[in-house]
Every structure is written in C-alpha cells, then in structure tokens.
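The primary structure of each chain is shown beneath.
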Amino acid sequence: MSDTSMAAPAQAGGTPLVTHISEAVIRIAGNSQDGIQAIGGFLARLAGRSEQEVMTFMTIPSTISGGPSIFQVRIGTGEVLSAGDEADMLLCFYQHSYEDHIKSIKLGGIVLYDSDHVTPNPEWQENYRHVGVAISGLTVEAIGGTGRDKGKNIYAMGLLAKIYDLDVPKITKLIQERFSGKDTSIVTNALTCFNAGYSHSLENLLKTYQFKASEGKKPTPGSRPQVVMNGNEALTYGLIAAGVRFGAGYPITPWSDIMELLRKELPKYGGSFIQCEDEIASVSMAIGASWGGRVAVTGSSGPGISLKTEAIGWAVMAEIPLVVVDVQRGGPSTGMPTNVEQSDLNIACFGGHGDSPRVVIAPASVEDCFYTAIEAVNIARKFSTPVIILTDQGIASRIEAFEMPDLEKICQDITPDFTPVADHKPYDLSAADGITRHLAPGTRVASGKYPVVTGLEHDELGHPTGSPKLHVQMTAKRRNKLKKLGADLPTPKTIGPNEGQILLVGWGSSLGPITEAVGRGRSVGDAISGLHIKNLNPLPNGLEEIFQGFRHVFVVELNDEGFYGYGQLGQLLRARYCDPKIRGINKSDGLTWKVKEILDRARALADAVQNGKA
C-alpha cells in the first residue's frame, strides 16, 4: 500500500489508526469452490463504480473438482498498469493458502486468515502483521449451518470493507445485483454475512486504510461513466458493436465465456450463435455465414485453432471475410487450460498449408479488446480476409475499469448491400493493390455473369483453374492486399525516449507490466524504453528505425525461448530485420509478468551480452 499521508491519531476506545493510501494490492487465496473470484469481482467492480483504476489477476484449477486458486486485485487512485508484484494483504482461508502465498506479500504486510483453518508460523509472524478471524465459524453463527460453504467469502468481503473503509451502500447494491433472480433468502443471507463481517471488531489491527479521493478521474461535462468487465466480455460487446450478428463455436477454456455471452446477447439484436458438434463445423459454419454477406465470428483456444486451420486456409483462398478469436492458454496439446501463455503466435500467423496470408492483431488491455474487435471486423470486410484476434487468458479473465465507449458513434450496421451491379469480378486482378470486396449472394448482376466461390485456385470469376500463370497472379493478389494493409499501419510509439540502452518490446497482455517497468527503471537511472506491437501480421512499418536507436532490443514474451534464445515474436522480428541484437526475455510458467521480473531479466541479459556471455 502506498501511504500518502501520516496516519490519523488513534481514536478513543483503542480503535485502529486510519492511514490514507493511494493504492492497495490484495491477494485472496483459497479453493475455487470458496467463491474467492466473487470477492475479487466485487472489489474490482466497486473500484470501477468509485472512479478508481483497477486491474486483477487470477488462477483457477483446470480440474472439474476444483482446487487451490487465487484472485489478486490492485486498486488505485492513480494509473494502474499491472496487477502488482507484491501484495499488501493476503486473505487466506486454508493452511495451504497461507503457506503457498505468504511470500507473495510485502514485508510488514497484513495476513488476514481464517483462524478455524490456519495456524500461523511463529517465524512469519515476525515479518508480517497477522490478523486471525474465525471466518468459517462466525459465518455459521451469522446464517446457520450452510454458511461454512455458502457465505464465508461474503463475510470476508465485510472484513475487507471495514479494513479499507469501502463504500458499503455500493457493495450492498453489488451483492443484490449479483444474486438477483435467485430466492430472496439467498440475497438476505449474503447481506447478513457481509454485515456480520463488517461489524466484526478489528481492535487487534494496528491501522485501517482509506483511499485518497481520485484526482484524475473526476467526471467532467460530457464524460461518460466507467464500465467494469473482463477481456472476454469486452471483446464480445466489441463484436456486437461492430455489427456481427452470427457466430459459431465449440466449448473450450478460456474461449467459452465469449461463446456463452454471444449466445445470450446476439438474439437481442436479431442475431444468433450456434454451438456446433466440433471445431471444424463451427469455423465452416461461420465462413458460410460470412459468405452470406455479413462478417461472422468463430473462436477457440490453441487446440481448437489447430483444427480450424484447414478451413481458415479455404477462407484465404476464397477471400471470404472472417473473424477468428484465439484466447491463448498454456500448450501444447491440452497443456495448462487455465493458465496464460503467448505461444499461439506461430500458428496464428503461419498455421495451415500453402501460402495462406492472414491478419493477426493482439489487444493489449481489456478496453483494447472492445476496440480491437471492431477493428478486426472492419479489416476483414475491407480486405476480404480472415482476421485472427490473438488474445490470451491473462486479458480474458482480467477485470479492468475504463470509460464507457460512445456507442452512438461506434456501433455500426454491416447489413449486406444488395444494390444491383452492372458486373462483378470477386477476384479482379486489375484491382488496386489486389483489394476486392465480396458480393453478397442475391445481389443482381446485370451482365448475368455470377461468380463462383471455391477453395480451388480460380480465375477472376472464381471458376477453378490449374493455370500456373493464374496461380502466380492470384497468390500475389492475396499477398499484396495485406502488404497494402501493412504499409498503411501507423508506426507504434515508444514508451519513453526513442533512443537508449534497452528497448523492451512486447505484445498482448505484456503492455502494462512493460510500461510500468520502463517507468520504474527510468526513475533509477536506467536508459530503458518500451514498444508495444499490436499488429503482428503484417507488421507495421518503422520498427527498424526504432530498433536502431537502442543498443539492446529485448522481446518480452510468455512463451519458450526456443532453440536459439528468443521466443515467437522475437523469431519473427529477427527474420524480418536480420538484427542480431534482438533477443528474448521469455518464460512459460503460466503466470503473468511481474514488473521486477522484467527489469531484473533485462538488466541481467544486457550485462551478459556486454560481457560476451549471451
């Protein structure tokens, strides 16, 4: 916690001192069936409604029976770019939660534990402030025998509300919203648990905390309120705002949340989502819907993307617009379904047989997921090509608060235009930069020459051909239109100066930690900058000039370093620019980057290169 003022004097009766803080990092550890994600969700959504910055991180077991799980939330009155390296407080429900996560909090931090299940280590009591509360037993006292399983998370939420002086009316409303539609007794029990926790005596706590008022987030005339959601939700609503009205998919973690939300929301706008029998059927159905004249979406995670690759190649050949969402997880094979990794870049860019260029873009934050979905739809339509949105489990489950989009300006109608045309060549070789648009079936063509759509190589009207000359021309057409896209992409802006010793390059969910690492490094004199690449295939222009300004270019990725010491984007950049100073900072532990991790690894690698040891 960042103390921003002296603690207030102790109040009469021995009540704890009140310390004003600018941010707090709270880690909640227990089992997945304890509802710890609900506590984190309440904290995150409360922060959003209080015009604070928030970012979360969670791990959940991949087994159906559940198991150890954590939820970390960072709340601040200033800019929050990561979920935090070290926690200020650990809330733990079991002995294993206590022992496994005690080292994740700062020295002097608070350990709030369920004394019914946790026995403190005397050695650790010297380094951390331990506060024991019989959470399980007191929950049972508050609402009866079922409380042990059904209410202790809400009781603990009451304790946190007391410790951090949180807005009780807003929390009460969040609890009511969370359990709306259920039996009234469930809402009553939840509120009883919360109030019991909030009323519990905290005299054994040295101080409580109060967040400073947020100075930079005060509403201004015409400003919109904050919305709070995770990346999967933001991407889903972005697709709807972009005009998508059909989707097809097959369940797989962590894509399934998008599928379920689309299935729920699309009918409200006259659309539909179909759960198919497998991945191949789902991508094929989405391609068919896109051929019908309106861009459709399908999605999956690594194993499912593998199954979709042949059909994605068909869409490349037939030049059918399509949006494919890949929510990356740990691989290969079934791998680590509930952990984060950025190891699908190779298959996203190059998966499939033959020369099958496609667009790959990776959102950097929850808010960016919303706008990236719209961008993907528009690129697919303009260039008649598949676009892969390469997000990851870190963003998918992460909760952030951001300003509500101006939906009146953003939402678009992509209903097919059936205006008759004189003639139409869907694969016109004379088209500028090879860019042609798909014509919705049912559109009248006055010449009577209606095109054919096929996965075979074809002539300008789509008729199959084995002509070597046409294959060369059509291959170039499919390539050149995406080269045009790349030429028009803006050069990314560096985070910090345009020259220095170290440039940290990242993509996807690494933006926040890299940005924070640059700020922290520069504050202690490191000549370090950052660069985030959103457009991964094709790459934007201008990167080579940026790289020339730095002695070291380190690509920070959540994937393996490979045979030669750099990961998947590092390999792509080295192939593109033939620059040996591009090296990788990689890890594949299934966890998001910590700021300290990035800085320590960058400094160590720079020293190793300097001394000829890397």
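Basis of the calculations
Residues numbered from 1 in each chain as written. Predicted model: local features only at pLDDT ≥ 70, side-chain atom pairs only at ≥ 80, totals over all residues. Heavy atoms only, no water. Disulfide = S-S within 2.5 Å. Buried < 20%, exposed > 50% of the residue type's maximum accessible area, 1.4 Å probe, protein only. Pairing = 2+ DSSP bridges. Helix = DSSP H or I, 4+ residues; strand = E, 2+ residues; numbered from the N terminus. Axes fitted to C-alpha atoms, helices over the stretch in contact; angles between N-to-C directions. Core = buried A, V, L, I, M, F, W, Y, C linked by side-chain atoms within 4.5 Å. Contact = heavy atoms within 4.5 Å. Domains from an automatic or database assignment. Buried area = accessible area lost by both parts, 1.4 Å probe. Salt bridge = Lys/Arg side-chain N within 4 Å of Asp/Glu carboxyl O. Nonpolar A, V, L, I, M, F, W, Y, C, P; charged D, E, K, R; others polar.

Asks: Please explain the state of the cysteines as it appears in this structure.
Replies: Evaluated as defined, the whole model comprises zero disulfides. The thiol sulfur of Cys349 is not disulfide-bonded, and the nearest other cysteine sulfur, from Cys578, lies at 17 Å. Residue class for Cys349 comes out buried when judged on its relative accessible area of 4%. Sulfur of Cys369: no disulfide; nearest cysteine sulfur belongs to Cys411 and is 17 Å away.

Asks: Looking at this structure, I do not really get the sheet that holds strand S13 (residues 322-328). What am I missing?
Replies: Ordered in space as S11-S10-S12-S13-S15-S14-S20, the seven strands form an open sheet in which the pairing is mixed. Both outer strands of the open sheet, strand S11 (272-275) and strand S20 (535-537), are each paired with one neighbouring strand and no more. Strand-to-strand, the axes of this sheet are offset by a mean angle of 25°, without reference to chain direction. As defined by bridge partners, strand S10 (residues 246-249) adjoins S11 across four bridges and the pair is classed as parallel. Pairing of Ala248 across the sheet is with Ile274, part of S11.

Asks: So what exactly am I meant to see when it comes to the nonpolar core here?
Replies: Leu43 and Tyr164 are the most contacted members of the largest nonpolar core, which totals 53 residues. Beyond its immediate stretch of four places on either side in the chain, Leu43 contacts Ile26, Ile28, Val73, Ile75, Met157, Leu160 and Leu166.

Asks: Help me understand the domain arrangement of the protein in this model?
Replies: Quite often, the size of an interface is put as the accessible area lost when its parts meet. Domain annotation of the protein identifies domain 1 (5-211), domain 2 (228-410), domain 3 (432-488) and domain 4 (494-610). Taken together, the 20 residues of domain 2 in the interface contact 18 residues of domain 3. Across the interface of domain 2 and domain 3, roughly 1,800 Å² is buried in total on both sides, 66% from carbon and sulfur atoms. Considering only the surface of domain 2 that becomes buried against domain 3, Met317, Glu319 and Phe383 emerge as the three largest contributors, covering 38% of it. In this structure, Lys481 engages Glu319 in a salt bridge whose closest nitrogen and oxygen atoms are separated by 2.7 Å. Of all the secondary-structure elements, those providing two or more residues to the side of domain 2 that touches domain 3 are helix H11 (279-291), helix H12 (302-318) and helix H14 (366-383). Here the side of domain 2 that touches domain 3 is built from residues that sort into eleven nonpolar, five polar and four charged.

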